[in-house]
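# Structure at a glance
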Amino acid sequence: MYKLKLLFEKLFPKSKSAARIEFLKKVFDFIKRCGVEGNYLEFGVYRGGTFSEAFNIVKTKKMDSVRFFAFDSFQGLPDISGIDKESNQFSKGEYSASLELFKSNIKKAGVDSNRVRIVPGWFKDTLTSRAKKELGIKAAAVVWIDCDLYESTVPVLEFVTDLLVDGSVIVFDDWFLFKGNPDRGEQRAFREWLVKHPEIKVSEFHKYFWHGNSFIVHK
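Quick caveat, the model's predicted, so the values are computed rather than measured. (Residues numbered from 1 in each chain as written. Predicted model: local features only at pLDDT ≥ 70, side-chain atom pairs only at ≥ 80, totals over all residues. Heavy atoms only, no water.)

### A word on the packing of aromatic side chains
Our working definition: Here a Phe, Tyr or Trp ring, Trp counted by its six-membered ring, pairs with any other such ring whose centre lies within 6.5 Å, and the pair is stacked when the planes are under 30 degrees apart, edge-to-face when over 60, and tilted otherwise. The numbering of helices and of strands both runs from the N terminus, where a helix is a DSSP run of H or I of at least 4 residues and a strand a run of E of at least 2. Each residue gets one of three labels from its accessible area relative to the maximum for its type: buried under 20%, exposed over 50%, partly exposed in between, using a 1.4 Å probe on protein chains only. Only when the NZ atom of a Lys or the CZ atom of an Arg is both within 6 Å of the ring centre and within 35 degrees of the ring normal do we say a charge sits over the ring.
Scanning the model with the defined rule gives 24 aromatic pairs in all. Each ring, one from Phe55 and one from Phe68, has its centre 5.1 Å from the other, and the planes form 55°; the classification is tilted. Taken together, the residues Phe55 in helix α3 (residues 49–60) and Phe68 in strand β2 (residues 68–72) connect sequence positions 13 residues apart. This pair shows no difference in class: Phe55 is buried, exactly as Phe68 is. Among the aromatic residues, those joined into a cluster by ring pairs are Phe28, Tyr40, Phe51, Phe55, Phe68, Phe74 and Phe102. Its guanidinium or amino end placed over the ring of Phe159, Lys132 lies 5.0 Å from that ring's centre, counting from NZ or CZ. Of note, Arg188 hangs over the ring of Tyr150, and the distance from its end group to the ring centre comes to 5.5 Å.

### Points about the nonpolar core
Test applied: Only buried residues count toward a nonpolar core. Its members are Ala, Val, Leu, Ile, Met, Phe, Trp, Tyr and Cys residues joined through side-chain atoms within 4.5 Å. By definition, residues are in contact when any of their heavy atoms lie within 4.5 Å.
In terms of nonpolar packing, the biggest core is built from 32 residues, with Phe28, Ile31, Tyr40, Phe51, Phe68 and Val169 touching the most fellow members. Broken down by element, the residue count for this core peaks at 6 residues, all from helix α2 (residues 13–33). In contact with Phe51, not counting residues within four places along its chain, are Tyr40, Glu42, Val45, Phe68, Phe69, Ala70, Phe102, Ile106 and Val116. Counting residues in hydrophobic clusters, the runner-up holds 30 residues, among them Val143, Phe159, Leu163 and Val217.

Have a look at this one:
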């Protein structure tokens, strides 16, 4: 299914981009109209396509207080371990794109670097309480999770737990990978996280393209 995803995106890149832009417009319409305060955090930014689209939509909507945070190893996927290894869909280093390429792409897309903080490194090393303080992140209005793997999604959800506010939107780019199996990938990590944090409730928001899903947070 992973290789099918790559093939489809290669054959129909504009279709995916158009669907993602329309989806992001809905997300930020909701955030703006409902007065949800916070920043945009993206985990797994790859070459910067989604990140740039989000920035330019926010710019168009004149949401000037939103800051943007990009988290990525910039080395592709980590070692495949645990339950992720059972599927044989992924390998270490896939989806690799350099930090320099990311910076170049978002600059070409008109992203204002003064509103962006980039955090390179493996999530297990970078997603810490100390990092939140140093980055000055107090609230997340939109969290975009493009991690593919269960093992990568778990630390992301723990990192954002105390940053979420009532009305935050969490987007899972790879929700329907692993043939949509709820015991794999992002779906499993999300379910376990909700059990661990019963104070957090969610409502399903919008799906996008064939692989993405999103949820509104209530707390």
